[in-house]
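Descriptive analysis of the structure
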4 protein chains.
Amino acid sequence: MKHSFKNDYSEMVHPKILESFAAIGNSQFEGYGLDEFSDDAALLIRAKINKPDADIHFISGGTHANLVVISSALRPHEAVIAVKSGHIFVHETGAIEATGHKICTCEGSGGKLCVSDIKSVLDEHAGDEHMVKPRLVYVSLSTECGTVYTKDELSAISEFCHANDLYLYIDGARLGAALNSFACDLEYSDIADFADAFFIGGTKNGALFGEAIVICNNTLKNDFRFLLKQRGGLMAKTAAIGVQFKTLFTDNLYDELALYANNCAQKLAEGIKKLGYSFLYPAQTNLIIPVFPAAVAEKLHVSHGFYDWQSIESNIAARLLTSWATPGDKIDEFLADLAKL
Amino acid sequence: MKHSFKNDYSEMVHPKILESFAAIGNSQFEGYGLDEFSDDAALLIRAKINKPDADIHFISGGTHANLVVISSALRPHEAVIAVKSGHIFVHETGAIEATGHKICTCEGSGGKLCVSDIKSVLDEHAGDEHMVKPRLVYVSLSTECGTVYTKDELSAISEFCHANDLYLYIDGARLGAALNSFACDLEYSDIADFADAFFIGGTKNGALFGEAIVICNNTLKNDFRFLLKQRGGLMAKTAAIGVQFKTLFTDNLYDELALYANNCAQKLAEGIKKLGYSFLYPAQTNLIIPVFPAAVAEKLHVSHGFYDWQSIESNIAARLLTSWATPGDKIDEFLADLAKL
Amino acid sequence: MKHSFKNDYSEMVHPKILESFAAIGNSQFEGYGLDEFSDDAALLIRAKINKPDADIHFISGGTHANLVVISSALRPHEAVIAVKSGHIFVHETGAIEATGHKICTCEGSGGKLCVSDIKSVLDEHAGDEHMVKPRLVYVSLSTECGTVYTKDELSAISEFCHANDLYLYIDGARLGAALNSFACDLEYSDIADFADAFFIGGTKNGALFGEAIVICNNTLKNDFRFLLKQRGGLMAKTAAIGVQFKTLFTDNLYDELALYANNCAQKLAEGIKKLGYSFLYPAQTNLIIPVFPAAVAEKLHVSHGFYDWQSIESNIAARLLTSWATPGDKIDEFLADLAKL
Amino acid sequence: MKHSFKNDYSEMVHPKILESFAAIGNSQFEGYGLDEFSDDAALLIRAKINKPDADIHFISGGTHANLVVISSALRPHEAVIAVKSGHIFVHETGAIEATGHKICTCEGSGGKLCVSDIKSVLDEHAGDEHMVKPRLVYVSLSTECGTVYTKDELSAISEFCHANDLYLYIDGARLGAALNSFACDLEYSDIADFADAFFIGGTKNGALFGEAIVICNNTLKNDFRFLLKQRGGLMAKTAAIGVQFKTLFTDNLYDELALYANNCAQKLAEGIKKLGYSFLYPAQTNLIIPVFPAAVAEKLHVSHGFYDWQSIESNIAARLLTSWATPGDKIDEFLADLAKL
């Protein structure tokens, strides 16, 4: 079977997590996240992000995290600001709108928002009651385009948000990839300082499933477990996610896996570059988007799995992902095949 | 630590499931339930329920299953009929109402609805556009009270529903316990024949997490994956649930685990009965509700974990659950302690 | 044609209101409630309720008022407490649930809630995140049963609500009838003191249409016009309601019309009582519910329009309403016909 | 006071409508649209649109009509296609999203959609369950820019919609202006033939308030009154709107008023053109958008009320509306003042 570079969730689970499950055996625990594994995991995460009073909640997936956090934060007439390529706007089947909230978009650049983007949306709305009231800024880190924000960029956004009564929420489905990118000077503690809420993705970084929602702003902490339960997100066996995050945040496993995935992608990117191809966006994380002539892309599809992200005249921007489990020789094979074309 | 009879989801996961995960290693699979494990699991379930054309979807939890199925089936003005003790009415933080739909309740008996209950609700509404339009009947099997429907009872409800343009939806969080109860003459295939949709609970029967939604009615099949995604229920690693259901429905493991839990509860119930105590509802599955004098209940709490379900004058109706992992000696200990009081 | 006692909105509009419209001619005004008529009406209402800082918003109907105010006040997991016969629970087609909120009901008595009813609901929920969080108490004045609260009763409810972080909202579709009832010692200013928000009904007291929402609690004032617009309640020609309320609250017309309707009903009630019939609830306002033998009710239907409210064995509880426009001789005719039976 | 060209709902009501109300006096009618006035109005409308089996419902305003019809037609994952300047996307405070549905936008041109716009949205979505499913096309007639569709244009849209399982819904807040435009060859019966549902605006064409929803597609007729009630749109005194539409559709009053308003705007437009100014969009109805140098616009504001629609470099696109009640001399004054600048 040909290797798939389609996603970073194509392999089941890191062996250390399975070992953790096995070690528990049939010992009993409390339901709904009140167990010791979830407690331990929360402590480890709070230490990692240097935010002792952050609230941590575990949930099964990213779309679910997004919709619970956002709908919990907003009054009915309040809206989200996001970049046009944002996951919540494009690829979550209207999950945010289904909770009643409009997403106001701006162009952004390379999957990223900047302060002037946000400011334009505010200016367009300007307190007019015939329009929604933008109240929360949604940012992905890393972005849908595989890019990262720098500390200066995110700090400016955060400052602007808080000066303008906007919440800043970060979709961290690939937070590990971002914070372990050579292009990113952000630390975990910066994220916790800048954002009102964010989530740390497990699904795309070695977990069987699960994400950790982190709430930093006290206002947003209030009654969050009610909201989680109401939207179907409070699992009876939340402990099953707790165990995983406990494992991922022990001995730096989370960063190790993300860094491995990034390194695979960088090796791939450098090889592609050497062969003379360019990239649609800077190759900064485990998701890279090289541009190939359509004929080349077509031939690559024969032996390698990946998505065509965009057609640009006679070229294809190809989306390639690596993961914590990508075998090194698959990268070599890809580059070798590409070199032949 | 004292043993907990509080829930049937207090132990992590059956070892065979862990073995299945281990056997997969790092081999790759498709995302969002389009993987071979989910396919295999669906085939096994379809065979078990004798419904080759049923649609099977995997989701992480029961509340989530309930809200996705119900909101997918109804137009905005349509409502649910449920018994007052129904999980969706009492213990899901208004999850159904949060999707816009009212739940019309009836008293029922022992956690069960009957045809005349449903009929009363229809009569009260009678097509009046100033009231909601009841459109879906929600039934739990086994119920919140640990009771089961007989084939005659469920068949009558199903017939009435379909004669009155009502969908019948069965919450099967504990379907294994029900179908493996001595008091229940229903088969899996009956459930599929009687219900328009139902789910088969994994979380409470040995899975790490996960439920299998089964859609039998063609109308309800349409676009269901959109709905699943929109509500945050379509997991990238749906395969992780697929593997589990494949394991549970291989070599009859699902029934074996449920039967074991039931047998534990029956042993407990018989012991309690012999000691002269009665039950709030017939003890038919792995959830039983004996009635103890408050002083007895209080002393039992010292060494055994369980919930007080209800105060009845000077008595306590105590909710006790056994699981696929309940150690036999814990039952003996409970009965021995009870005998001493 | 036989006279209808079915409703108090069966006649079009009080002539003084038509005169007010005629007097305006084609002079221009601002849209969306920013006109001088709405301003004048708001001033008159604020004076009447002795609440100079109350926010006043005009909306076309009562169900609409209820759903906008309630959905504006609550977070997604928060719920309403109402009596079982409450209009929002029975006769608004699930309008509140359609905005995502559950209604927790209690029995009440004669259409009225008391503190212990509310307390029971709180005790049942008790901060459990698996259940909704009751946050707003809904009270009708007068009630669906035509009854009124006394000042002591409503004061106790208000005090309990505010001590328990509950909003008190009053549906005043028939507020005029209530405050002009011999049985009610409440003043307009009491309503404004006790309630966080309420509405003053125009539709059922001589207006062509329209209700005045009054918001007393500052928290609830915030961004209310956004909510009003979002739910379709901010009319371009809000001025058309402003003119009506200006007229109704000039020279005491609102009270005059309500008192007239009440007096008609009292005359009817006394006549019925003299003929030996009893009432299902105390006859206190313009809605009365006498109990007739079924055969009597049937004969009355021949010449008089009214609804059968309830069957009680061989009797019919008949709902009779009078309005600002009920002709006196129609009451005499009804009583004469009844005397013959 | 300076004359306002801001809106076509700045004057209260046409005198003939007041006369109709006066003629009714205190005679009684049924509630909730089951009255004879609403019946008569519906008959007149059905005759006008040549659709004897259309369902007609009256509602108080346009935003309300839009949200009730659209939310009634769609399943939760289904979305609307609209042009970016569409009223529902920009100026209804997220009313459609508040009912759970996303609006997919396209650029359009002059406030108008064309088939290729719609096709692009379909192509982008292409049945992918990670995206919403476009299901209803929203068109305004006349548009926010004052433009109209031709019969060929609307016919093509309608054909495309029905070939692609899309509903076509027309916001007819200014349908009178459109159908009485020199630039529009559409008849009322064409609208009813092309659209699955639409509404005929009263608020902006002489009514005190109120719109007539027309449902042509049988699927959409089902249970519509439930939906209307649930969203707060079923007025007890629907008769008050019935009377108005009966009057408007008697002796051609509706068209007469719209034509008058159009003629006023055309006179204004021709005058402006003669003075050498151009228009942002073709001046086709009672809403025209001439472009003035900013300094000119500023001076015009001194004596004439209108909105600045858009800044274009050193120019202002000014939005001017005329109505059924615009005095002819106000147009002369405007043109005279403009000539002086």
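Every value quoted in this text rests on a predicted model; they were computed, and no experiment measured them. (Residues numbered from 1 in each chain as written. Chains lettered and ligands numbered in written order. Predicted model: local features only at pLDDT ≥ 70, side-chain atom pairs only at ≥ 80, totals over all residues. Heavy atoms only, no water.)

Considering the overall build of chain A
If you tally the helices and strands in chain A, you get 15 helices and 14 strands. For 341 residues, the compact-globule formula gives about 20 Å, and the C-alpha radius of gyration of chain A, at 20 Å, lands near that figure. Seen through its C-alpha atoms, chain A measures out along the principal axes to roughly 60 × 55 × 35 Å. Burial status across chain A gives 68% buried among its 341 residues. Taking as baseline every contact in chain A between residues at least 6 positions apart, the subset at least 24 positions apart corresponds to 73%. Chain A carries 29 positive and 43 negative side-chain charges, and their two centres are separated by 3 Å. (Helix = DSSP H or I, 4+ residues; strand = E, 2+ residues; numbered from the N terminus. Rg over C-alpha atoms; globule rule 2.2 N^0.38 Å. Buried < 20%, exposed > 50% of the residue type's maximum accessible area, 1.4 Å probe, protein only. Contact = heavy atoms within 4.5 Å. Lys, Arg positive; Asp, Glu negative; His and termini not counted. Charge placed at Lys NZ, Arg CZ, Asp CG, Glu CD.)

Comments concerning the pattern of salt bridges
Residues and elements named next belong to chain B. The tally for this structure, following the rule as stated, stands at 68 salt bridges over all chains. Between D8 and R174 there is a salt bridge whose closest N-O contact spans 2.6 Å. Of this pair, D8 sits in the loop between β1 (3-4) and α1 (15-24) while R174 is found in the loop between β6 (167-171) and α8 (175-179), placing the two residues 166 residues apart along the sequence. Comparing D8 with R174 shows no difference in burial state: the two are buried. (Salt bridge = Lys/Arg side-chain N within 4 Å of Asp/Glu carboxyl O.)

Digging into the sheet that holds strand β6 (residues 167-171) of chain A
Residue and element names in this part refer to chain A. Taken in spatial order, the 7 strands line up as β2-β8-β7-β6-β5-β3-β4 in an open sheet, and their pairing is mixed. Edge positions in the sheet fall to β2 (55-59) and β4 (103-106), since each has one partner strand and no second. For this sheet, the mean inter-axis angle between neighbouring strands, taken without regard to orientation, is 25 degrees. Bridging between β2 and strand β8 (residues 211-215) involves 5 bridges; their strand directions are antiparallel. In the sheet register, I56 faces β8, and the bridge partner there is V214. Lying over the sheet, helix α2 (residues 36-49) contacts β2, β7 (197-201) and β8, oriented at roughly 125 degrees with respect to β2. Each of β2, β7 and β8 is contacted by helix α12 (residues 239-248), which is oriented at about 115 degrees to β2, the strand it contacts most. (Pairing = 2+ DSSP bridges. Axes fitted to C-alpha atoms, helices over the stretch in contact; angles between N-to-C directions.)

Some points on the interface of chain C and chain A
Opposite the 23 residues of chain C that make contact, chain A presents 23 residues. Summed over both partners, the interface of chain C with chain A buries about 2,100 Å², with 51% contributed by carbon and sulfur atoms. By the criterion of area lost to chain A, the three top residues of chain C are R75, E129 and F226 of chain C, representing 33% of everything that side buries. Scanning the region where chain C abuts chain A turns up 4 salt bridges. Notably, a salt bridge pairs R225 of chain C with E129 of chain A, separated by 2.5 Å at the nearest N-O pair. One can count 12 residue pairs in polar contact (both at pLDDT 80 or more) joining chain C with chain A. Put simply, the parts of the chain that give the side of chain C that touches chain A at least two residues each are α3 (62-73) and α11 (224-230) of chain C. It is α11 of chain C that contributes the most residues to the side of chain C that touches chain A, 5 residues altogether. Looking at the side of chain C that touches chain A, its residues break down into 7 nonpolar, 8 polar and 8 charged. (Buried area = accessible area lost by both parts, 1.4 Å probe. Polar contact = N/O pair within 3.5 Å; in protein donor to acceptor, adjacent residues only side chain to side chain. Nonpolar A, V, L, I, M, F, W, Y, C, P; charged D, E, K, R; others polar.)

Quick word on helix α12 (residues 239-248) of chain B
The element α12 of chain B is extensively covered by neighbouring structure, given that 9 of its 10 residues are classed as buried. Of the residues making up α12 of chain B, those classed as buried are A239, A240, I241, G242, V243, Q244, F245, T247 and L248 of chain B.

Thoughts on helix α3 (residues 62-73) of chain B
The end-to-end C-alpha separation of α3 of chain B is 17 Å, in line with the 16 Å expected for 12 residues at 1.5 Å each. Where α3 of chain B is concerned, the buried positions are T63, H64, A65, N66, L67, V68, V69, I70, S71, S72 and A73 of chain B. (Expected span 1.5 Å × (residues − 1).)

Some thoughts on the sheet that holds strand β7 (residues 197-201) of chain D
Residue and element names in this part refer to chain D. Pairing in this open sheet of 7 strands is mixed, and the strands run β2-β8-β7-β6-β5-β3-β4 from one edge to the other. Edge strands, defined here as strands with exactly one partner in the open sheet, are β2 (55-59) and β4 (103-106). Recorded for the sheet is a direction-independent mean angle of 25 degrees between the axes of neighbouring strands. Where strand β3 (residues 78-83) lies against strand β5 (residues 133-140), 4 bridges are found, and the strand directions are parallel. Residue pairing across strands places V80 opposite L136, the latter belonging to β5.

Re the packing of helix α1 (residues 15-24) of chain C against helix α12 (residues 239-248) of chain C
All names here are of chain C. The N-to-C vectors of α1 and α12 enclose an angle of 125 degrees; their axes lie 9 Å apart at closest approach. By the angle between their axes, α1 is oblique relative to α12. For the element pair α1 and α12, the recorded crossing hand is right-handed. Residues K16, I17, S20, F21 and I24 of α1 pack against A240, V243, Q244, T247 and L248 of α12. For the contact of α1 with α12, a count of residues per class yields 6 nonpolar, 3 polar and 1 charged. (Parallel < 35°, antiparallel > 145°, perpendicular 65-115°, else oblique. Left-handed = near helix turned anticlockwise from the far one by under 90°.)

Quick look at the relation of the copies chain C and chain A
Of the transformation superimposing chain C on chain A, the axial component is 0.0 Å and the angular component is 180 degrees, with the fit at an RMSD of 0.0 Å. Each copy turns onto its partner about a two-fold axis. Taking C-alpha positions as reference, the residue of chain C nearest the rotation axis is R75 of chain C, located at 3.5 Å. With an isologous cut-off of 70% or more, the 100% of interface residues of chain C that recur at the interface of chain A puts this contact in the isologous class. (Least-squares fit on C-alpha atoms with pLDDT ≥ 70 in both.)

Examining the relation of the copies chain A and chain B
Superposing chain A onto chain B takes a rotation of 180 degrees plus a shift of 0.0 Å along the axis, which leaves an RMSD of 0.0 Å. A share of 98% of interface residues in chain A that are also interface residues in chain B marks the association as one of identical surfaces.

Things to note about the packing of aromatic side chains
All names here are of chain D. Considering all chains together, one arrives at 42 aromatic pairs over all chains under this definition. An angle of 35 degrees between the planes, with centres 5.5 Å apart, marks the rings of F58 and F245 as tilted. Of this pair, F58 sits in strand β2 while F245 sits in helix α12 (residues 239-248), and the two are 187 residues apart along the sequence. One exposure class covers both F58 and F245, and it is buried. (Phe/Tyr/Trp six-rings, centres within 6.5 Å; stacked < 30°, edge-to-face > 60°.)

Regarding the packing of helix α14 (residues 294-303) of chain A against helix α15 (residues 328-340) of chain A
All names here are of chain A. Where α14 meets α15, the closest approach of the two axes is 10 Å, and the angle between their N-to-C directions is 140 degrees. As judged from the angle between their axes, α14 and α15 are oblique. Relative to α15, the crossing made by α14 is right-handed. The residues of α15 that touch α14, namely those facing V296, L300 and S303, are F334, D337 and L338. Class assignment for the residues of the contact of α14 with α15 results in 4 nonpolar, 1 polar and 1 charged.

What to know about the confidence of the model for chain A
Taken over all residues, the pLDDT of chain A has a mean of 97, while the share at 70 or more is 100%. The ipTM assigned to the predicted complex is 0.97, against a pTM of 0.98. (pLDDT = per-residue confidence, 0-100.)

Overview of the side chain of N217 of chain A
All names here are of chain A. Here N217 is to be found in the loop between β8 and α10 (218-221). Reaching out from N217, the side chain makes a polar contact with the side chain of D196 at a distance of 3.0 Å. Polar contacts involving the side chain of N217 include one to the main-chain amide nitrogen of T219, which spans 2.8 Å. In this structure, N217 is in contact with Y167 and D196, ignoring residues within four places of it in sequence.

Some words on the interface of chain A and chain B
Bring the parts together and some accessible area is lost; that lost area is often taken as the interface size. Between chain A and chain B, the residue contacts involve 52 residues of the former and 51 residues of the latter. Here chain A meets chain B over a buried area of about 4,200 Å², counting both sides, of which 58% is carbon and sulfur. We note a salt bridge from E30 of chain A to K6 of chain B, for which the minimum N-O separation is 3.7 Å. Summed over the shared surface of chain A and chain B, the number is 22 residue pairs in polar contact (both at pLDDT 80 or more). Contributing elements (two or more residues each) for the side of chain A that touches chain B: β1 (3-4), α1 (15-24), α3 (62-73), α5 (95-98), α11 (224-230) and α12 of chain A. Ranked by residue count, the leading element in the side of chain A that touches chain B is α1 of chain A, at 4 residues. Partitioned by chemical class, the residues of the side of chain A that touches chain B number 25 nonpolar, 19 polar and 8 charged.

Here we look at the environment of I96 of chain C
Here I96 of chain C is to be found in helix α5 (residues 95-98). Each C-alpha atom of the pair I96 of chain C and V137 of chain C lies 13 Å from the other, and the pair is 41 residues apart in sequence.

Things to note about the state of the cysteines
The tally for this structure, following the rule as stated, stands at 0 disulfides over all chains. Free cysteine: C184 of chain B, not disulfide-bonded; nearest cysteine sulfur from C145 of chain B at 15 Å. Here C264 of chain D is not disulfide-linked; the sulfur of C184 of chain D is the nearest cysteine sulfur, at 19 Å. For C264 of chain D, a relative accessible area of 6% corresponds to the buried category. (Disulfide = S-S within 2.5 Å.)

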